[in-house]
Amino acid sequence: MPKTKKEKEHLNKIADFGCIICYLMGFPKSPCQVHHIRHKTGLSRRESHFKTIGLCLEHHTGKTGFHTNSKLFNEKWGSQQKIRKSIKKKNLVLGFLLK
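Being a predicted model, the structure only gives us computed values, none of them experimental.

A. Examining the packing of aromatic side chains more closely. Here the structure, examined in full by the defined rule, presents 2 aromatic pairs. Ring centres of F17 and Y23 lie 4.9 Å apart, and the angle between their planes is 50°; on these two criteria the pair is classed as tilted. Under the relative-accessibility criterion, F17 is labelled buried at 17%. Accessibility expressed as a relative area gives 29% for Y23, which makes it partly exposed. Their ring planes at 90° and their centres at 5.6 Å tell us that F66 and F73 sit as a pair that is edge-to-face. Its relative accessible area of 12% is what places F66 among the buried residues. With relative accessibility at 1%, the residue F73 sits in the buried group.

B. Quick look at the nonpolar core. Membership of the largest hydrophobic core comes to 14 residues, with the highest contact counts inside it found for C19, I20, I21, I53, L55, F73 and I83. Elements supplying a minimum of two residues to this core: α2 (20-24), β2 (52-55) and α5 (80-90). Of all the elements, α2 adds the most residues to this core, at 3 residues.

The rules behind the values
Residues numbered from 1 in each chain as written. Predicted model: local features only at pLDDT ≥ 70, side-chain atom pairs only at ≥ 80, totals over all residues. Heavy atoms only, no water. Phe/Tyr/Trp six-rings, centres within 6.5 Å; stacked < 30°, edge-to-face > 60°. Buried < 20%, exposed > 50% of the residue type's maximum accessible area, 1.4 Å probe, protein only. Core = buried A, V, L, I, M, F, W, Y, C linked by side-chain atoms within 4.5 Å. Helix = DSSP H or I, 4+ residues; strand = E, 2+ residues; numbered from the N terminus.

Have a look at this one:
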């Protein structure tokens, strides 16, 4: 199913913001890939385009990335849901993530 206009706008905002992990480390606006948060969806099913976070290449698929070693990633940064919730709590000019 093709992305809706609202989905495209949301994904562009995520990409424009940059990697959320780099941001939390003090490196804002690092180029990122959009990572779909998976929670009880299984490996072959993608979550909503609105349940996403930006992750740079390293934090997404690199040596320390989520897709390389999700257990290590979660131990260091928390679960994908926890990262998303921390964004809500800190109210980081990321209102678009709260959909």
